[in-house]
Amino acid sequence: MDIARPGPGTGALAPRARLRTDAPEQSLDGTWSFRVSPSPRHAPDDGWEVAERLDPSDGWTTIPVPSHWVLEGHGAPAYSNVQFPFPVDPPFPPEDNPVGDHRLTFDVDADLLPWVGPQGADAIAGGRALLRFDGVESAAEITLNGTWVGSTRGSRLTHEFDVTALLRPHGNRLAVRVAQFSDASYLEDQDMWWLPGIFRSVTLLAAPSGGVPDVWVRADLDPQTGLGSLTVTARTDAPGGAVLRVPELGVQAPADGVIPVGAVEPWSAEHPRLYEATVSTPTETVRLRLGFRRVEVRAAVLLVNGAPIRLAGVNRHEHHPERGRVHDLAWARAELLAMKQHNINAIRTSHYPPHPELLELTDELGFWVILENDLETHGFELEGWQRNPSDDPVWREAYLDRIARTVHRDKNHASIVMWSLGNEAGTGCNLEATARWVHAFDPSRLVHYEGDPQSTYVDVYSQMYAPPDEVEAIGGELAVPPGEDVTAAQLHRRTLPYLQCEYAHAMGHGPGGLVEYEEIFDRYPRIAGAFVWEWVEHGLAVVDESGRRTLTYGGDHGERVHDGNFVIDGLVSPDREPRPALLDVKAVMAPVRLRPTLVRDRVAVENRYDALDLSHVRLSWSRTVDGTVVASGDLPVPELGPRSSADVALPDAAGDPVPSRVADVLTVLAVLADDAPWAAAGHELAFGEDVRVGRPVVPPTVPVLRGTDGWSAGPALLDPLTGDLLTLGGVAAQGPTVGLWRAPTDNDRARAWAEADLPSWSERWEQAGLDRAVRRVLDVAERDGALVVRTRTAGPMHAAAIDATWTWRAVSPTAVLLDVDLEPVGRWEVPLARLGIDLVLDAAPLGLRVAGRGPQPSAPDTGAGARTGWHQLDADALLVPHVRPQEQAARPGTLAAVLRTAAGTLGIDVVGGDPLHPRAPGGPGLAVTVLPLDRADLAAARHAHEVRADGRSHVSLDLGQSGVGTATCGPGVLPRYVLHARPASVRLLLTVDLDPQVRG
Ligand code: IPT
């Protein structure tokens, strides 16, 4: 195979727009013959392209097209991020380079026959039959009926070939030899699985003579006048040219040049108004949907239709746990609906053009799209960018071919507001050349590329994972450090709007710090927004010998070079289950912000839309006292234009003080008033709340009793020697102990960018011995009818400790009051993961009801989407089932909880102490965690299925917790969320209804 030359594919037609046409098309998807060889050297030249029979004894089997052969039982997928899994020896692919031979025998559909071969009627008149490949990874060589057709480069790019002269009515033999790696692999080093195969559709199509092979309609809108115009370029050889029709606008005009269309409704992501259009000749009609909008930059602000826009975006990869990058329209639509429902309004198609149908959906549902070229050469960074194709003229044609294929295919889509030259490809002359090409070809959109070091050849200043303080400085146009001279490049850069094409790395438990970014984005109009990395976790499902389906990541497929679970970093699981972070995104990016205040009887309503007023929104309020809704009602919706706010008065019932024991919560909701294409009427857009912590009742106590088994404090039986719990309500129990550690999150295990000289948090915690902290009993004594236990807890090797005083007072046979006072002693140099109370009950957890923040777990620097309420959690909701297990289970702000176990219930009420102070770390209340296994076992598990419940309830009641940050990529835990050892206290009322006979 010819797969070691730094050029584009060969033989393909010039790229053109993807159009819906009435010319016949025939899908060649389906079951093809297939065999795989270990390398091009081993791939037989045995006449397979046209052979009558493909013999299973020669390795032939069948495969679905589209598919990736490594996901169909041939070889294995492999994951690597930056590093190439083969020597960096461009343009040569590695010797071990599986080759997949794909062959299909097909007859031409009746309606395509006029285009077949020299005898085809339309073929004689100049009509052509085309063969289209929408995606082949990484390089294909194609023959039809034994004759060479061409080759492809650009795995996610469309290639079309003229096969008129080769096609025959019956028994066509289409042969496609695909190399897993090729010269093109050096340009396709995206952070994702290497998945070879024909993974998008293969289609045979007619290009009628006198038809419309290509058309580009730019629908512009003058924001001053509201008048639209169409700039049309159609390619046709029809003698009379082509006609453009936009029936709704009464337009019927030659499809050429500028056509004024009068007043139009603008298109925006918020109101994706599309106009149906056709471009026809006597032999072909193509359909388009037009969205009128103007994208421009003024005074460093990104404007669409004259108004600033905010991109609340995600990076979207194409990934399916079973099928890899094979497109599924229903999945794609469901995915976009989920994004809209979570207030996401923008997509960066990282890092390649998606399936073409995706852009029809983004036009229709309303998303701002940064459409990215299929280009990344990141692995050269590890070689100091030496021989980077981006700066080597021999790759120039490959670069220009890629960008042209990218732009042409999707140029008609209103949703695309920027073309991105690629991702992480260094910089150099070839990128500059692609930028020049786009600027010349399509001045109606902006050019994006994050890797342009000075933003000289792009139209937006884009960064990845910049920390909030840097974003703030850029927003304020202070990009030049004080005292330095300003260069021309810096001056130019200051004229550009700013965005983060990646931020908030959503790997595992996290990202922490979303709110802090959003506050900065809100402050500076120059900041056009940001894109969370990333939408979906790319776990691949496998079914093991026992028939169990598990999700895998790098290293699970025998890879010798891989990047582990770095590919599991999304807002939704591989099966599209929302991670808690998605709910935070929904809240942080909400288009309406609601800030109710109980004391002032009003709610501040902010319209954060860029183009809409609030006429499509309904507002309501409710008041929940100790878990019971006591009053509710609707609120008038203020007449607010985009980006403005007003106070709305609440009715008296919403604010009148009501005595409560746990909490009094005022919740205000904004919901859709009517059905939208992406959600039904009543869909919640935003919530706001105000919480008044109640006045808990502390019951009278009676003296503890010394029995033969130990001290009894109500239902608690305590060891007279150690003060440890022996049983609680008759059920065996362990603890309480002071807990300082958590099962490390991915972010805990990573070094933050700005803290590269420091070990990761999990290393620091281990060095301080927090994971192995032990306790010494200082004292066990009865005092004034209470049992007072004093302990000292510290990691091995270290002197710094936490002294705890545990004071047990009996209330009744089923209730005990426990005061816990924690006091750091010695010099604590390492901040803590947690400062909490751990106890274990020998009964499996079945569920938890918490009065606190939820229902999903959160950390001090996450949880914008969690709300205060009375949440009922099933056993499987207690811990987020991460692909790579880690701790994400705490419900902070908990004032009361009832743990349901196999042996009955344990009630936990916070009735006093520091956590009730609203300014305590994490707000009032405790962060409650119930795990079905020990933390150490959770930390040791590498896959979700290795998390094995041990039949006990491991309860942690934390008075403080560390934030999680986003150290896996970007800034770590912000200083305000670092938990330093500090004194803390809490008074708990434990109420049991337990039956020791039942353990579960
Ligand atoms: C950045 C990449 O662009 C993206 O593809 C992904 O790998 C992400 O990181 C991490 O998950 S590049 C990184 C060096 C900032």
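One can find the structure itself at the top, above this paragraph.
Given the structure is predicted, the values throughout are model-derived calculations rather than measurements.

What about the layout of surface pockets?
Piece 1. Empty space within the largest pocket amounts to approximately 1300 Å³.
Piece 2. The wall of the largest pocket is formed by 49 residues, among which Glu 689, Arg 853, Gly 863, Ala 864 and Ala 866 lie closest to the centre.
Piece 3. Sorting the residues of the lining of the largest pocket by element identifies α8 (514-523), α9 (580-588), β36 (592-597), β42 (684-693), β55 (891-894), β58 (926-931) and β59 (953-961) as the ones contributing at least two each.
Piece 4. Among the elements that make up the lining of the largest pocket, the one with the highest residue count is β42 (six residues).
Piece 5. Taken together, the residues that form the lining of the largest pocket break down as 25 nonpolar, 12 polar and 12 charged.

Looking at the site of the ligand
Piece 1. Residues in close proximity to the ligand total 15 residues, the closest being Asp 191, His 351, Asn 423, Glu 502 and His 505.
Piece 2. Here Asn 81 contributes a side-chain N or O atom positioned 3.5 Å from an oxygen atom of the ligand.
Piece 3. Within the side chain of Asp 191, a nitrogen or oxygen atom sits 2.5 Å from an oxygen atom of the ligand.
Piece 4. For the ligand, whose free accessible area comes to 380 Å², the fraction covered by protein is 91%.

A look at unusual backbone geometry
Piece 1. The step from Val 65 to Pro 66 runs through a cis peptide bond, and the omega angle for that step is 5 degrees.
Piece 2. For Pro 66, the location among the structural elements is in the loop between β4 (61-65) and β5 (78-80).
Piece 3. For the bond from Pro 90 to Pro 91, the omega torsion is 0 degrees, close enough to zero to count as cis.
Piece 4. As for its placement among the helices and strands, Pro 91 is situated in the loop between β5 and β6 (99-106).
Piece 5. Of note in the backbone geometry, Glu 424 takes a positive phi value of approximately 45 degrees without being a glycine.

As for the sheet that holds strand β23 (residues 295-298)
Piece 1. Taking strand neighbours across the sheet as the criterion, the three strands line up as β23-β24-β25 in an open arrangement whose pairing is antiparallel. Bordering the open sheet on either side are β23 and β25 (307-308), each of which pairs with just one other strand.
Piece 2. Of the pairings in the sheet, the one linking β23 to strand β24 (residues 301-304) comprises four bridges and is antiparallel in character. Along β24, the bridge assignment pairs Val 295 with Val 304.

Details of the pairing of strand β38 (residues 617-625)
Here is the key point about a regular strand: its side chains alternate between the two faces of the sheet.
Piece 1. Taken across its nine residues, β38 has seven buried, putting it largely inside the fold.
Piece 2. Here β38 pairs with strand β39 (residues 628-635) via seven bridges, running antiparallel. Across the sheet, residue Ser 622 finds its bridge partner in β39, namely Ser 632.
Piece 3. The antiparallel hairpin formed by β38 and β39 contains two residues in its connecting segment, where Asp 626 sits at a positive phi of about 50 degrees.

Things to note about the environment of Pro 813
Piece 1. Assignment of secondary structure puts Pro 813 in the loop between β50 (801-812) and β51 (815-825).
Piece 2. Sequence-wise, Pro 813 and Leu 358 are 455 residues apart; in three dimensions their C-alpha atoms are separated by 63 Å.
Piece 3. Setting aside residues up to four positions removed in sequence, Pro 813 forms contacts with Gly 714 and Pro 715.

Points about helix α6 (residues 468-475)
An α-helical segment advances 3.6 residues per turn. Residues three or four places apart therefore align on the same side.
Piece 1. Every buried residue of α6 is listed here: Pro 468, Val 471, Ile 474 and Gly 475. Burial along α6 is one-sided: seen end-on, the buried residues are contained in an arc of 120 degrees.
Piece 2. Where α6 is buried, its residues contact β31 (461-464), β32 (498-503), α8 and β33 (527-532).
Piece 3. Looking one or two places after α6, you find Glu 477, whose phi comes out positive at around 60 degrees.

What about the sheet that holds β59?
Piece 1. Read across the sheet, nine strands follow the order β43-β44-β45-β46-β47-β52-β59-β58-β55 without closing on themselves; strand pairing throughout is antiparallel. On the outer flanks of this sheet lie β43 (705-706) and β55, each paired with one strand and no other.
Piece 2. Pairing between strand β47 (residues 731-739) and strand β52 (residues 834-841): five bridges, direction antiparallel. In the sheet register, Gln 734 faces β52, and the bridge partner there is Val 840.

Focus on α8
Piece 1. Within the span of α8, buried status applies to Leu 514, Glu 516, Tyr 517, Glu 518, Ile 520 and Phe 521.
Piece 2. Considering only its buried residues, α8 is in contact with α6, β32, β33, α9 and β36.

Points about empty space enclosed by the protein
Piece 1. Throughout the structure, instances matching the rule amount to nine cavities of 30 Å³ or more.
Piece 2. Reported here for the largest cavity is a volume of approximately 100 Å³.
Piece 3. What lines the largest cavity is a set of 13 residues, and nearest its centre among them are Arg 316, Val 326, His 327, Asp 328 and Arg 576.
Piece 4. Classifying every residue of the lining of the largest cavity gives three nonpolar, four polar and six charged.
Piece 5. Space inside the second largest cavity adds up to approximately 80 Å³.

Considerations on the pattern of salt bridges
Piece 1. Enumeration according to the criterion identifies 69 salt bridges in this entry.
Piece 2. For Asp 610, the salt bridge is made with Arg 643, and the minimal N-O distance between the two is 2.9 Å. Residue Asp 610 is found in the loop between β37 (602-607) and β38, and its partner Arg 643 is found in the loop between β39 and β40 (644-649); the two are separated by 33 residues along the sequence.
Piece 3. Residue classification places Asp 610 among the buried positions, given a relative accessible area of 10%.

Cut-offs applied
- Residues numbered from 1 in each chain as written.
- Predicted model: local features only at pLDDT ≥ 70, side-chain atom pairs only at ≥ 80, totals over all residues.
- Heavy atoms only, no water.
- 1 Å grid on protein atoms, 1.4 Å probe; cavity = no way out; pocket = protein on both sides within 12 Å on 5 of 7 lines; lining within 4 Å.
- Points joined across faces, edges and corners; volume = space filled by probe spheres on them.
- Helix = DSSP H or I, 4+ residues; strand = E, 2+ residues; numbered from the N terminus.
- Nonpolar A, V, L, I, M, F, W, Y, C, P; charged D, E, K, R; others polar.
- Near = heavy atom within 4 Å.
- Polar contact = N/O pair within 3.5 Å; in protein donor to acceptor, adjacent residues only side chain to side chain.
- Areas by Shrake-Rupley, 256 points an atom, 1.4 Å probe, with all protein chains shown as cover.
- Pairing = 2+ DSSP bridges.
- Buried < 20%, exposed > 50% of the residue type's maximum accessible area, 1.4 Å probe, protein only.
- Contact = heavy atoms within 4.5 Å.
- Arc of directions from axis to C-beta.
- Salt bridge = Lys/Arg side-chain N within 4 Å of Asp/Glu carboxyl O.

The values are spatial; any link to function lies outside them.
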